[in-house]
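# Observations on the model geometry
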Amino acid sequence: MKVKLTGQVKWQDVDMGAWSFVSDDGETYELHNPSADLTHSTGKVKVEGNIRDDIMTMAMIGPVLEVSSFEVLG
């Protein structure tokens, strides 16, 4: 499922740790193989990507989001 979301990238200290995206509406997504540019962004970002329902993770912090593009907003 394709999505366009606005929110923040955050490190979640769960198990071995995982990068997450917390949308403005409060939904938490686990990032699948995020780029270094994305994980080093601070502030708000707009992302486009796909929710992957064919992947399971160890952290299980939310739906898995594979980002195809992003824009740093601030």
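The following refers to the structure shown. Owing to the predicted nature of the structure, the values given are computational and were not obtained by experimental measurement.

### Quick word on the overall build of the chain
Along the chain, the regular secondary structure elements total 1 helix and 5 strands. Listing every helix and strand of the chain by position from the N terminus yields β-β-β-α-β-β. Against the globule reference of 11 Å for 74 residues, the chain gives a C-alpha radius of gyration of 11 Å, in line with a compact fold. Projecting the C-alpha coordinates of the chain onto the three principal axes gives extents of approximately 30 × 25 × 25 Å. Residue burial in the chain is summarised as follows: out of 74 residues, 30% are buried. Counting only contacts in the chain whose residues sit at least 6 apart along the sequence, the fraction spanning at least 24 positions is 53%.

### Concerning the environment of Met56
Relative to the elements of secondary structure, Met56 occurs in the loop between β4 (45-52) and β5 (64-72). With 37 residues separating them in the primary sequence, Met56 and Trp19 have C-alpha atoms 15 Å apart.

Rules behind the numbers
- Residues numbered from 1 in each chain as written.
- Predicted model: local features only at pLDDT ≥ 70, side-chain atom pairs only at ≥ 80, totals over all residues.
- Heavy atoms only, no water.
- Helix = DSSP H or I, 4+ residues; strand = E, 2+ residues; numbered from the N terminus.
- Rg over C-alpha atoms; globule rule 2.2 N^0.38 Å.
- Buried < 20%, exposed > 50% of the residue type's maximum accessible area, 1.4 Å probe, protein only.
- Contact = heavy atoms within 4.5 Å.

None of this, on its own, says anything about what the molecule does.
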